[in-house]
Amino acid sequence: MGWFSKTAPVEEVKEVVTSGLVNPEDWLSNFWNGGDPGDCGVSTTKALTVPAVQSAIRLLSEAAATLDIKVQRRKGNNWEDDEEHPAWSLLNKSANEWTSGFELIRALIVEALTNDQGGFAWVNRVQGKPFEILKYGNGAISVSYRADGDGKPTYTRAGKTIKSADVIHIRGAFSKSPVTLARKAIGFAWEMENHGANLFLNGARPGGVIQTPNKLGTDGVKAMLVGWKAAFGGSQNSGKTAVLYEGATYAQMALNSTDAQYLENRRFQIIEICRAFRVPPSMLFDLESGKFNNVEMMGREFLSYSLEPWLKSLEGGLSRALLTKDEQKTHRILFDRDDLTRADLVSRATAISGFVSSRAMSPNEARTWIDLPPYPGGDTYTNPAIDVAKPANDNPPPQKESAVAA
């Protein structure tokens, strides 16, 4: 957009136009006409500078990493926690001397969301048992698949083939990461944000055009432009009163960045990014569609439709690498979803009471929901509202001392 209108043809002067979708600015036309989304240069580093992308990746990876991981052993028809298994310590405490279990899970999901080959970790075994889990960066471990189409992978590290049973491999659907599949939508969001930032950084000015009836010539226009920028350019000079001379007039215009279409497009790109990562917009702090009565439902949908597929993928990958063939028949690794589904205390108390009363849970099973230890006799399935023959626990109230006769 030019600053001056005059009779003499000067190279710096351009016709003033109104921005919009019907008559887009150059940056928008170039983006749409570029064809190949790779022209946008949407690398992982660039994609992470888009706040919506960074927030979606952190949401999925950190939500998965904050959950407790259980290693359980089958006992009859029930499952019991097996904290003596070496995998439990590696996943819940330290994967190795410099990586916590939280950091391991978070890094695996982050790479699966940003790298087409996915996230890799290698299990170092001592005497056949998992001793440490080493998280390798992007490219350190590579994978190839057999040409016959059965999908069997071959893993290499430092040019040497390694056992697939020692590799934890997490990858996205379609063998592509969401960042790759949505790179044009991400690139569009980046371009709009960059356009707005450059506009305010370099063009904080009175929103209009200076017109003069005089022939200034190239040198005159350049001199006026230098003086104008010195007086009114930059955000620190925004809002100053313009002083004109030589019969010049000022025509008011609106800044392109405040055009409604620009703001609507920016918000629409946030929704597009939410679609790419399958997360509710309200969880990326777009609260326009988040209402009091649907935010909780969006949170449950996030667990069911967004996070659950990644948790299942993690459970499968961890089980294949940390459990032997025989242990896979008797053990399992799973994430405790309870932290994400907990309701408020009153609602939980009502649910627990209902489960115990209907004999769907024993009192001791219900007590684990609120981190209370079991008590003797609490493993029976009784209805406390009906079965009142025995006290509810083994701590009856103390007996009052009988009064001493005078």
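Residues numbered from 1 in each chain as written. Predicted model: local features only at pLDDT ≥ 70, side-chain atom pairs only at ≥ 80, totals over all residues. Heavy atoms only, no water.

**Student:** Can you help me understand the pairing of strand β11 (residues 167–170) in this one?
**Tutor:** Consecutive side chains of a regular strand alternate in pointing toward one face of the sheet and then the other. Burial along β11 is two-sided: the face carrying Val167 and His169 and the face carrying Ile168 and Ile170 are both buried. Relative to β11, strand β6 (residues 119–126) runs antiparallel, the two sharing 4 bridges. Bridge pairing links Ala121 to Ile168 in β11. (Buried < 20%, exposed > 50% of the residue type's maximum accessible area, 1.4 Å probe, protein only. Helix = DSSP H or I, 4+ residues; strand = E, 2+ residues; numbered from the N terminus. Pairing = 2+ DSSP bridges.)

**Student:** I would appreciate a short explanation of the nonpolar core in the present structure.
**Tutor:** General note: in soluble globular proteins, nonpolar side chains tend to be found buried as a group. With 52 residues, the main nonpolar core has Ile133, Ile168, Ile186, Phe277 and Val279 as its most contacted residues. In this structure Ile168 touches Leu108, Gly119, Phe120, Ala121, Val123, Ile133, Gly317, Leu318 and Ala321, once residues within four positions along its chain are discounted. Within the second largest apolar cluster, 8 residues are counted, among which are Ile141, Val143, Tyr155 and Val167. (Core = buried A, V, L, I, M, F, W, Y, C linked by side-chain atoms within 4.5 Å. Contact = heavy atoms within 4.5 Å.)

**Student:** Looking at this model, I keep getting lost on the packing of aromatic side chains. Mind explaining?
**Tutor:** Each aromatic ring pair is summarised here by two numbers: the centre-to-centre distance and the angle between the ring planes. Applying the stated criterion to the full structure yields 1 aromatic pair. Pairing Phe120 with Tyr155 gives two aromatic rings, centres 6.1 Å apart and planes at 75°, and the pair type is edge-to-face. With Phe120 in strand β6 and Tyr155 in strand β9 (residues 153–157), this pair connects stretches of sequence that are 35 residues apart. Each of the two residues, Phe120 as well as Tyr155, counts as buried. Above the plane of the ring of Trp122 lies Arg157, whose end atom (NZ or CZ) is 4.5 Å from the centre. (Phe/Tyr/Trp six-rings, centres within 6.5 Å; stacked < 30°, edge-to-face > 60°. Lys NZ or Arg CZ within 6 Å of the ring centre and 35° of its normal.)

**Student:** Help me understand the sheet that holds strand β10 (residues 160–162), please; the structure alone is not making it clear to me.
**Tutor:** Strand order across the open sheet formed by 3 strands is β8-β9-β10, with antiparallel pairing between neighbours. Whereas interior strands pair on both sides, the edge strands pair on one side only; in this sheet they are β8 (141–145) and β10. Between one strand axis and the next, the sheet turns by 40° as a mean value, whatever way the strands run. Judged from the 3 bridges that link them, β9 and β10 form a sheet pairing that is antiparallel. Directly across from Arg157, in β10, lies its bridge partner Lys160. (Axes fitted to C-alpha atoms, helices over the stretch in contact; angles between N-to-C directions.)

**Student:** I keep staring at unusual backbone geometry and nothing clicks. Help me out?
**Tutor:** Note: most peptide bonds trans; most residues except glycine with negative phi. Although it is not a glycine, Gln127 adopts a positive phi angle of roughly 55°. Note that Gln127 resides in the loop between β6 and β7 (129–135). What makes Gln127 exposed here is its relative accessible area of 79%. You will see that Phe174, though not glycine, has its phi angle at about 65°, which is positive. Within the secondary structure, Phe174 is located in the loop between β11 and α6 (178–181). Classification of Phe174 as exposed rests on a relative accessible area of 72%.

**Student:** What am I meant to see in helix α5 (residues 101–114) here?
**Tutor:** Given 3.6 residues per turn, any residue in an α-helix points the same way as the ones three and four places further on. Between the first and last C-alpha of α5 there are 20 Å, a value that for 14 residues agrees with the 20 Å anticipated at 1.5 Å per step. Taken together, the buried positions of α5 are Gly101, Leu104, Ile105, Leu108, Ile109, Glu111, Ala112, Leu113 and Thr114. (Expected span 1.5 Å × (residues − 1).)

**Student:** How do you make sense of the confidence of the model for the chain when you look at a structure like this?
**Tutor:** Reading fine detail from the predicted coordinates is not recommended where pLDDT is low. Across the chain, pLDDT averages 79, with 74% of residues at or above 70. Note on residues 1–22: pLDDT is under 50 here. Beyond four places in sequence and across chains, it has 45 contacts. Considering only residues more than four positions removed or in separate chains, one finds that residues 32–39, a stretch of pLDDT under 50, has 9 contacts. (pLDDT = per-residue confidence, 0-100.)

**Student:** What exactly am I supposed to notice about the pattern of salt bridges here?
**Tutor:** Once the charged atoms of two side chains with opposite charge are near each other, the side chains can pair. Following the criterion strictly, the structure yields 11 salt bridges and no others. Here Arg58 ties to Glu62 by a salt bridge, and the two come within 3.1 Å at their closest N and O atoms. Of this pair, Arg58 and Glu62 both sit in helix α3 (residues 51–65), 4 residues apart, which is roughly one turn of the helix. On the basis of relative accessible area, Arg58 is assigned to the partly exposed category, the value being 45%. The exposure class assigned to Glu62 is partly exposed, which follows from its relative accessible area of 23%. The partner of Glu308 in a salt bridge is Arg337, and the shortest N-O contact between them spans 2.7 Å. With Glu308 in helix α10 (residues 295–322) and Arg337 in the loop between β14 (331–335) and α12 (338–341), this pair connects stretches of sequence that are 29 residues apart. Across the pair, Arg337 and Glu308 agree in class, each one buried. (Salt bridge = Lys/Arg side-chain N within 4 Å of Asp/Glu carboxyl O.)

**Student:** Whenever I open this one, the environment of Phe355 confuses me. Can you help?
**Tutor:** Inspection of the secondary structure assignment puts Phe355 in helix α13 (residues 345–357). The exposure class assigned to Phe355 is partly exposed, which follows from its relative accessible area of 34%. A C-alpha to C-alpha distance of 8.0 Å links Phe355 and Ala366, two positions 11 residues apart in sequence. Residues in contact with Phe355, not counting those within four places in the same chain, are Ala360, Met361 and Trp369.

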